[in-house]
Each structure stands twice: as structure tokens, then as C-alpha cells.
Amino acid sequence: MRKIIILQLLLFGYSGWSQTKMQSDSIAKDTVQNIKFNYKQLIIPAVLIGYGFWGNESGQIKSFNTQIRDEFTEDIDRKVSIDDFSRYVPAISVYALNAFGVKGKNNMRDRSVILGTSLIIMTTTVFTLKSISKVERPDKTSNNSFPSGHTAVAFAGAEFLYQEYKDQSIWYGVGGYAVATATGVFRMYNNRHWLTDVATGAGIGILSTKIAYWMNPYITRKLFKNKENKSTSFLAPAYDGQNYMICYSRTF
């Protein structure tokens with residue numbers, strides 16, 4: 001059974017049951033909060049990305065990559081597909097927590113703009129590097145190993161979860177980063193990526209989300225200037241027995 005991710009966009013007319021939530025979102029429309037630029041925030045993603053680039057040129061690190069690959073793939077009878085789904089868990093958790101009443105830093109509109117911006121930056125960067133670097137995968141199936149896209153998505157979501165809920169509890173961010181790290185580990189376990197691919201993917205994911213928060217005040221002013229937030233939205237994961245889905249509804 002093939003499991004796929006489906007994004008369902010369900011547009012609804014105004015309904016009475018959503019009125020309370022719509023009012024609360026409207027009140028929050030001008031309360032967008034963003035992280036301020038600080039060069040210290042660049043240290044961790046810069047180290048991760050730098051390690052990956054250095055590893056592509058260093059014979060010693062390439063040798064270490066091979067050792068790590070051999071350790072992960074030793075005596076493995078079959079691959080697991082959990083990394084195909086776990087990469088989305090941190091980002092989806094932001095919307096799931098909000099659906100269960102745990103309020104994050106920003107409202108639905110603003111957090112969605114931030115996530116969308118992050119994913120655009122991350123995807124563009126990853127696919128550009130893949131097309132330029134042409135690093136062979138450990139399993140020799142293709143030459144687009146560097147960097148790891150799965151890991152980039154997971155860490156972009158983990159940073160997103162951390163920023164939205166760190167004021168509620170730091171453990172939300174810890175959980176998100178744990179899932180993201182596990183995603184990277186499974187990419188190596190499945191012999192799909194080298195350690196340098198995973199490290200660079202993690203750095204790109206983190207940095208993409210940080211940039212999205214820094215850019216958000218400008219983007220919000222450009223997209224929503226003089227526009228009232230008269231709608232509300234809801235996003236949640238679902239499973240119909242065959243397919244994993246992300247269901248999105250919007251009321252007006």
C-alpha cells in the first residue's frame with residue numbers, strides 16, 4: 001500500500017460554529033511577533049552547513065562518512081519509511097497544538113506566511129545545491145545526495161515549532177528537534193545520505209526558518225496592508241486508512 005501526503009484545500013462559507021475562533025483570530029491580526037536578527041543565531045546553522053561543504057572536499061571527512069555509513073547499514077535486512085513522514089511532524093505539530101488550544105506566538109495567518117516563506121527558501125536552496133554538487137548517494141542510485149532534503153524539511157519545521165512555542169515550554173522545541181534528528185538518522189540508516197548531507201540539510205532548514213521570521217514583518221506589510229483578517233483557518237493531519245493527509249479548511 002502506497003502512502004502519500006495529500007494537501008486538501010477545503011473552502012467553506014461562513015458557519016456559526018466557527019464564529020468564536022474567527023473573532024479571536026481577528027483580534028490577534030496585529031500581534032505578529034518575530035525574532036530579531038542576531039548574528040549569534042547564525043552560528044549553529046553555519047557550522048552545520050560549513051561542515052557539509054568542507055566534507056565534500058576533505059578526504060578525511062569522506063572517509064569518516066564511509067565509516068558512519070558502514071556502521072548504520074551493517075546487518076540491516078530492510079529499510080524503513082518512517083523518515084518519509086517524520087519530516088513533516090514538527091511543522092504539523094504547530095497547527096495541531098493550536099487546534100487543541102495551545103496558543104503559539106503568532107496567529108494562523110502569520111505563522112502560515114512564515115512557514116511558507118521558510119519552505120520556499122529551503123526548497124530553492126536544497127534543489128540548487130543538489131543540481132550543482134551532483135554527489136552520489138551512498139546506495140549509488142543517483143547523484144543528488146547533497147544536501148538531504150528530508151532533513152532540511154524536518155529541521156525547518158523543528159525551528160518553526162521552537163519559535164512558536166518556546167514561550168509556552170521549551171520542551172515543544174526539544175521534541176521537534178528530536179524528531180528532526182531522528183529523521184536525519186533514518187536517512188543514513190536507509191543508506192540514502194551521508195552524514196555531511198544530513199548536517200548541511202539540518203543547517204539549511206534551521207537557517208531558512210530564521211530568515212523567514214526576520215523577513216516576515218516586511219512580507220506581512222506587503223501582503224496584508226490595510227486588509228482586515230475576517231477569516232479563520234484550521235489545519236490538521238488525518239489518515240483515511242490508506243493515505244496520510246493534511247486537511248486545511250478556511251471559513252469566511
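Since the model is a prediction, treat every value here as computed from it, not as a measurement. In every chain, residue numbers begin from 1 and rise along the written sequence. With the structure being a predicted model, the display of local features is reserved for residues of pLDDT at least 70 and the display and counting of side-chain atom pairs for 80 or more, all residues being used for whole-chain, interface and lining totals. With hydrogens and water excluded, all non-hydrogen atoms of the structure serve as input to the side-chain values.

Q: Could you give an account of the side chain of K130, naming the residues involved and the relevant values?
A: Runs of H or I in DSSP of at least four residues are treated as helices and runs of E of at least two as strands, each being numbered from the N terminus. Relative to the helices and strands, K130 is located in helix α6 (residues 108-133). Throughout, a residue-residue contact means that at least one pair of heavy atoms, one from each residue, lies within 4.5 Å. With residues near it in sequence (within four places) discarded, K130 still touches R137, N143, N144, S145, F146, P147, G149 and H193.

Q: Explain helix α7 (residues 149-165) residue by residue, including any values.
A: With 17 residues, α7 extends 24 Å from end C-alpha to end C-alpha; this agrees with the ideal 24 Å at 1.5 Å per step. Burial analysis of α7 places 16 of its 17 residues in the buried class, the great majority of the element. To estimate how far a helix should extend, the number of its residues minus one is multiplied by 1.5 Å. The rule is simple: take the accessible area with a 1.4 Å probe, protein chains only, and divide by the maximum for that residue type; under 20% is buried, over 50% is exposed, in between is partly exposed.

Q: Give a description of the nonpolar core that names residues and reports values.
A: The tendency in soluble globular proteins is for nonpolar side chains to be buried as a group. Nonpolar core, defined: a set of buried Ala, Val, Leu, Ile, Met, Phe, Trp, Tyr and Cys residues in which side-chain atoms within 4.5 Å join the residues together. Within the largest apolar cluster, 12 residues are counted, these being A91, V94, Y95, L97, M108, I114, L115, F160, L161, Y165, A212 and Y213. Sorting the residues of this core by element identifies α5 (89-99), α6, α7 and α9 (195-224) as the ones contributing at least two each. The greatest single-element share of this core, amounting to 4 residues, is contributed by α5. Core analysis: the second largest hydrophobic core is formed by 7 residues, I49, M122, L129 and A152 among them.

Q: An account of the pattern of salt bridges is needed here, citing residue identities and associated values.
A: Salt bridges, as used here, are contacts in which a Lys or Arg side-chain nitrogen is within 4 Å of a carboxyl oxygen on Asp or Glu. Here the structure, examined in full by the defined rule, presents 7 salt bridges. Between R187 and D83 there is a salt bridge whose closest N-O contact spans 2.6 Å. Of this pair, R187 sits in helix α8 (residues 170-189) while D83 sits in helix α4 (residues 83-86), and the two are 104 residues apart along the sequence. For the pair shown, R187 and D83 are each scored as buried. The partner of K140 in a salt bridge is E136, and the shortest N-O contact between them spans 3.8 Å. Taking the relative accessible area as the measure of exposure, E136 reaches 37% and is therefore partly exposed.

Q: Go over the packing of aromatic side chains, please, and point to the residues and values.
A: Ring pairs are drawn from Phe, Tyr and Trp, using the six-membered ring of Trp, whenever the two centres fall within 6.5 Å, and their geometry is named by plane angle: stacked under 30 degrees, edge-to-face over 60, tilted for the rest. Counted under the stated rule, the structure contains 5 aromatic pairs. With a centroid separation of 6.1 Å and 85 degrees between ring planes, the pair formed by F186 and Y189 is classed as edge-to-face. Here F186 and its partner Y189 are both found in helix α8, 3 residues apart, which amounts to about one turn of the helix.

Q: Talk me through the confidence of the model for the chain; I want residue IDs and the actual numbers.
A: Reading fine detail from the predicted coordinates is not recommended where pLDDT is low. A score between 0 and 100, pLDDT records how confident the predictor is in each residue. Averaged over every residue, the pLDDT of the chain is 81; residues scoring 70 or more account for 74%. Confidence, read as mean pLDDT per element, is least for strand β1 (residues 5-11) in the chain (31) and greatest for α7 (98). This model gives residues 1-31 a pLDDT under 50, and the stretch forms 62 contacts once residues within four places in sequence are excluded.

Q: I'd like a rundown of the packing of α5 against α7, residues and numbers included.
A: Convention adopted: a line fitted to C-alpha atoms gives each axis, helices being fitted over their contacting stretch, and angles between N-to-C directions are expressed from 0 to 180 degrees. One can describe the packing of α5 onto α7 by two numbers: an axis separation of 6 Å at closest approach and a directional angle of 30 degrees. Overall, the two elements α5 and α7 adopt an arrangement that is roughly parallel. Residues P90, A91, S93, V94, Y95, L97 and N98 of α5 form the contact with α7, whose own contacting residues are A154, G157, A158, F160, L161, E164 and Y165. Across the contact of α5 with α7, the residue classes tally to 10 nonpolar, 3 polar and 1 charged. Orientation labels follow simple angle bins: below 35 degrees gives roughly parallel, above 145 gives roughly antiparallel, 65 to 115 gives roughly perpendicular, and whatever is left gives oblique. The nonpolar class holds Ala, Val, Leu, Ile, Met, Phe, Trp, Tyr, Cys and Pro. Asp, Glu, Lys and Arg form the charged class, and all remaining residues, Gly among them, are polar.

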